[in-house]
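Descriptive structure summary
Here is what each chain is made of, one letter per residue.
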Amino acid sequence: PLRLGFIGQLVPTKGIEALLAGFVAAGIDATLDVAGTGETAYEAGLRTRYGEDPRVRFLGWVGDKARFFGGIDLCVVPSQVFDTLPTVVIEAFAHHVPVLGSPIGGIPEMVTPGRNGFVLPLGSAEAVAVALRGLDVAAVRDMVPGVAAAAGGLLDPRGQIDRWEAAMRRAAAG
């Protein structure tokens, strides 16, 4: 089965409920590891509604990110709010894990569909379910070289500065 993972705060703005509901509704041959914690009542509600599905594992806070990322094939980043530089995408790429992420903030600038991940429709559990049903396990696993290349660019400070300076020169030139 495909091994999916979510790591982050368990809060509505991270899209965790749409992910969980969409995952359960999709009914695909996959597992979903959920790493992170949230406000007590909200987290308890998630565990109550989705924790009975044997394919869903709530891991709580995870200190060993290398172990977490080593145990998944695809990191799902279903954010519902704008984030210019989502750290979780960089962390996934640094561990050579492709990303299925929302088309918001910096995510679509970092994720190149078919090379290092996929862009997930924003919003509903139904959209998540459709996207998950469309995943090709072999294609996800074949992305590792593209993910490694993407990670190199994100983890290279000199390259980032060079790209930023080039963008500023283009902007100044009009």
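Up top is the structure.
Below is a summary of the structure that appears in this document. Since the structure is predicted, the reported quantities are computational estimates derived from the model, not experimental observations.

1. Quick look at the nonpolar core
- One finds Leu 4, Ile 16, Leu 20, Cys 75, Phe 93 and Leu 132 to be the most contacted residues of the largest nonpolar core, which totals 52 residues.
- Looking at this core, the element that brings in the most residues is helix α1 (residues 16-26), giving six residues.
- Here Ile 16 is in contact with Phe 6, Leu 10, Val 11, Val 34, Tyr 42, Leu 46 and Pro 78, once residues within four sequence places are set aside.

2. A few points about the packing of aromatic side chains
- Enumeration according to the criterion identifies one aromatic pair in this entry.
- Taken together, a centroid distance of 5.3 Å and an interplanar angle of 75 degrees make the contact between Phe 68 and Phe 69 edge-to-face. The two residues Phe 68 and Phe 69 agree in class, both being buried.

3. Overview of the pairing of strand β1 (residues 2-7)
- β1 sits mainly inside the fold: five of its six residues count as buried.
- Where β1 and strand β2 (residues 30-35) come together, six bridges link them in parallel fashion. Paired with Leu 2 across the two strands is Ala 30, which belongs to β2.
- For the segment spanning β1, α1 and β2, crossover handedness is right-handed.
- In the sheet, β1 pairs with strand β4 (residues 74-77) via two bridges, with the strands oriented parallel. In the strand pairing of β4, Gly 5 is matched with Cys 75.

4. Examining helix α4 (residues 87-94)
- By the burial criterion, the buried members of α4 are Val 88, Val 89, Ile 90, Ala 92 and Phe 93.
- Positive phi appears at His 96, one or two residues downstream of α4, with a value of about 60 degrees.

5. A few points about the environment of Arg 158
- Here Arg 158 is to be found in helix α9 (residues 157-173).
- For Arg 158, a relative accessible area of 47% gives the class partly exposed.
- C-alpha of Arg 158 to C-alpha of Gly 174: the two residues are 16 residues apart in sequence and 25 Å apart in space.
- Among the polar contacts listed, one links the side chain of Arg 158 to the side chain of Asp 162, at a separation of 2.8 Å.

About the thresholds
- Residues numbered from 1 in each chain as written.
- Predicted model: local features only at pLDDT ≥ 70, side-chain atom pairs only at ≥ 80, totals over all residues.
- Heavy atoms only, no water.
- Core = buried A, V, L, I, M, F, W, Y, C linked by side-chain atoms within 4.5 Å.
- Buried < 20%, exposed > 50% of the residue type's maximum accessible area, 1.4 Å probe, protein only.
- Helix = DSSP H or I, 4+ residues; strand = E, 2+ residues; numbered from the N terminus.
- Contact = heavy atoms within 4.5 Å.
- Phe/Tyr/Trp six-rings, centres within 6.5 Å; stacked < 30°, edge-to-face > 60°.
- Pairing = 2+ DSSP bridges.
- Right-handed = clockwise from strand over helix to strand, strands pointing away.
- Polar contact = N/O pair within 3.5 Å; in protein donor to acceptor, adjacent residues only side chain to side chain.

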